[in-house]
Amino acid sequence: MFIEQEYYLWKLTYDLVVAQDFQVLNMSTEQGEIWLEKEQDWQTHVIRLTHKQINWKNELRRDLEKAYRQLSQNKKLFRGGKVQFHVVYVSEHPPVEEWENAEKDIASQKNPIFLYYMDNENKTREKKKLYDAFELDEPLIDQHVSESEMEAMLPYLKHQLVKKQQDQRKQVMSIFDYGKPRMTYFLLAVNVLIFLYIEWVGDSTSVETLIQYGAKFNPAIMDGEWWRIATSMFLHIGFLHLFMNMFALYYLGTAVEKLYGTRRFTWIYLLSGLFGGVASFMLNPHVAAGASGAIFGLFGALLFFGVQHKQLFFRTMGWNLIFIVLLNISFGLLVPQIDNGAHIGGMVGGFIATAVVRMPKQKNGLKQLTALIAYLLLISGMALTGYMGLFNSGNGFSEVQETQELNQSGAYDEVIEITSSALEEPGEYEAALLFNRSFAYLKKGETSAAKKDLLRVLELSPEMAEAHYNLALLYQQDGEEEKAADHAEQAADLNPDQKDFKELNNSLR
């Protein structure tokens, strides 16, 4: 009778794997034990099938405990660690004692056990219970065949299942080796060459140089230079910035390009970068540059892969990737200089862009069109919001950055021109703009204009020590010693560690 149970086990397994598309986790044709997996309704199901004769309830319980320990040791391979565990026994006779509650207290609420004991009398009932759990149509397993026919069929069934298991593994491997990382290497070369060129003709850490060669500069974008959203993706601010981004691009880019292929990867990278750039324009007033938005878009592409292949995602890169994403976002929120708009925007854009191009061999016209419309609506909405300045309260900040550097290089006329234009709508940076203009006036010898700007600065920001110091110098130059002493004292009080402030204050006492 053993042959009947073995035949039933492998016939049942054959239907689950071949007809119902269960994945084979592990299979032992000699021991007659098979582990299968299926993802259904965002829930992971694992089935363990075996044929053995169990005589006592305690024996059944011990076997269930052993199987559950095996499952628990591998829970990290499953999405979220939550698994519904189905244990199927195929046997000639049921245990002598009542077995229905043998699984009680073994499993947790998070990972329940469902027991199916298919003895000769209950095979039909238990099989129906199993298939109903997955909302599947039951197969007809003909048990009215001779033992010789069963023996002849068993090698075929086992061979087909082994072949199916091998095909499933090859299919998984082919997912990760769909493309070659050609575009990744090309982008690495382009970014490095542009960086070297910028360093050759200027200074990659110079705001003025960055603006000149296409960095994201909000005032220029609002004047119609939208191309800066694209060009800023290929500029980097200093060697460390370049190294960190290229390091990330190498590892993420090769992984994503292998998954999606060169054509899809290229679209994902570019669309992510544009989306992140527009998000930065909407939220970040700073002059900005770098491939970070596009690189975070590659995170989005990998997360999209996780949605499409949940179990495979968590079995390979899942938890590590999620940890890195959360770490980067947290780091960005803690460090003010990091462009979180570009990072988070790039990741969202990358996810949507990947939904537009989809994974290889997964075309879905309606979903792709919907994703494309969503992408266009969102990026247009962000561009309009940025143009209107609804979330970007930093109107004038870019000009502050630029004119600080121009003052250092002695381009005072340019500083006066830029700040005067920005002061028409200065936002919260009026004091900083006026201070930079006053410095330029001071250096040009236009002392009355410089004094007027400094007095307005102190109306807006009375605790700006530098403004008090410069005003003290101007009053001292005009012979107004009392006013000079007053402002010198305030400068020294506000910034007691500044040596120049102390010396001026002491000299005017």
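Above this text sits the structure in question.
All values derive from a computational prediction rather than experimental measurement.

The subject of this paragraph is the overall build of the chain. Per the secondary structure count, the chain includes 22 helices and five strands. At 35 Å, the chain has a C-alpha radius of gyration far larger than the 23 Å of a compact globule built from 509 residues. Out of the 509 residues in the chain, the part that is buried amounts to 50%. For the chain, the proportion of contacts with a sequence separation of at least 24, taken over those separated by at least 6, is 70%. Taken as a whole, the chain presents about 25,800 Å² of accessible surface, with 55% of it coming from carbon and sulfur.

Here we come to the nonpolar core. Counting 37 residues, the largest nonpolar core has L249, Y260, Y269, L298 and F305 as its most contacted members. At the level of elements, helix 5 (182–201), helix 9 (239–260), helix 10 (262–283), helix 11 (292–308), helix 12 (310–316), helix 13 (318–334) and helix 14 (340–357) are the ones that each hand at least two residues to this core. Excluding residues within four positions of it along the chain, Y260 makes contact with Y178, F265, I268, A301, F304, F305, T354, R358, M359 and P360. In terms of nonpolar packing, the next biggest core, distinct from the first, is built from 33 residues, V415, A465, L471 and L508 among them.

Attention now moves to helix 1 (residues 2–19). Taking 1.5 Å of rise per residue, the 18 residues of helix 1 would be expected to cover 26 Å, and the 25 Å separating its terminal C-alpha atoms lies within 8% of that figure. Among all positions in helix 1, only I3, Q5, E6, Y7, Y8, L9, W10, L12, T13, D15, L16 and V17 are buried. With its phi angle positive at about 65°, D21 sits one or two positions after the end of helix 1.

What follows is about the packing of helix 10 against helix 15 (residues 365–388). Following both chains from N to C, one finds helix 10 and helix 15 inclined at 30°, their axes separated by 8 Å at the closest point. In this view, helix 10 runs roughly parallel relative to helix 15, as classed from their interaxial angle. As for the relative orientation of helix 10 and helix 15, their crossing is left-handed in sense. Contacts between helix 10 and helix 15 involve L271, L274, F275, V278, A279, F281 and M282 from the former and Y375, L378, I379, M382, A383, T385, G386 and Y387 from the latter. Taken together, the residues of the contact of helix 10 with helix 15 break down into 13 nonpolar, two polar and no charged.

What counts and what doesn't
Residues numbered from 1 in each chain as written. Predicted model: local features only at pLDDT ≥ 70, side-chain atom pairs only at ≥ 80, totals over all residues. Heavy atoms only, no water. Helix = DSSP H or I, 4+ residues; strand = E, 2+ residues; numbered from the N terminus. Rg over C-alpha atoms; globule rule 2.2 N^0.38 Å. Buried < 20%, exposed > 50% of the residue type's maximum accessible area, 1.4 Å probe, protein only. Contact = heavy atoms within 4.5 Å. Areas by Shrake-Rupley, 256 points an atom, 1.4 Å probe, with all protein chains shown as cover. Core = buried A, V, L, I, M, F, W, Y, C linked by side-chain atoms within 4.5 Å. Expected span 1.5 Å × (residues − 1). Axes fitted to C-alpha atoms, helices over the stretch in contact; angles between N-to-C directions. Parallel < 35°, antiparallel > 145°, perpendicular 65-115°, else oblique. Left-handed = near helix turned anticlockwise from the far one by under 90°. Nonpolar A, V, L, I, M, F, W, Y, C, P; charged D, E, K, R; others polar.

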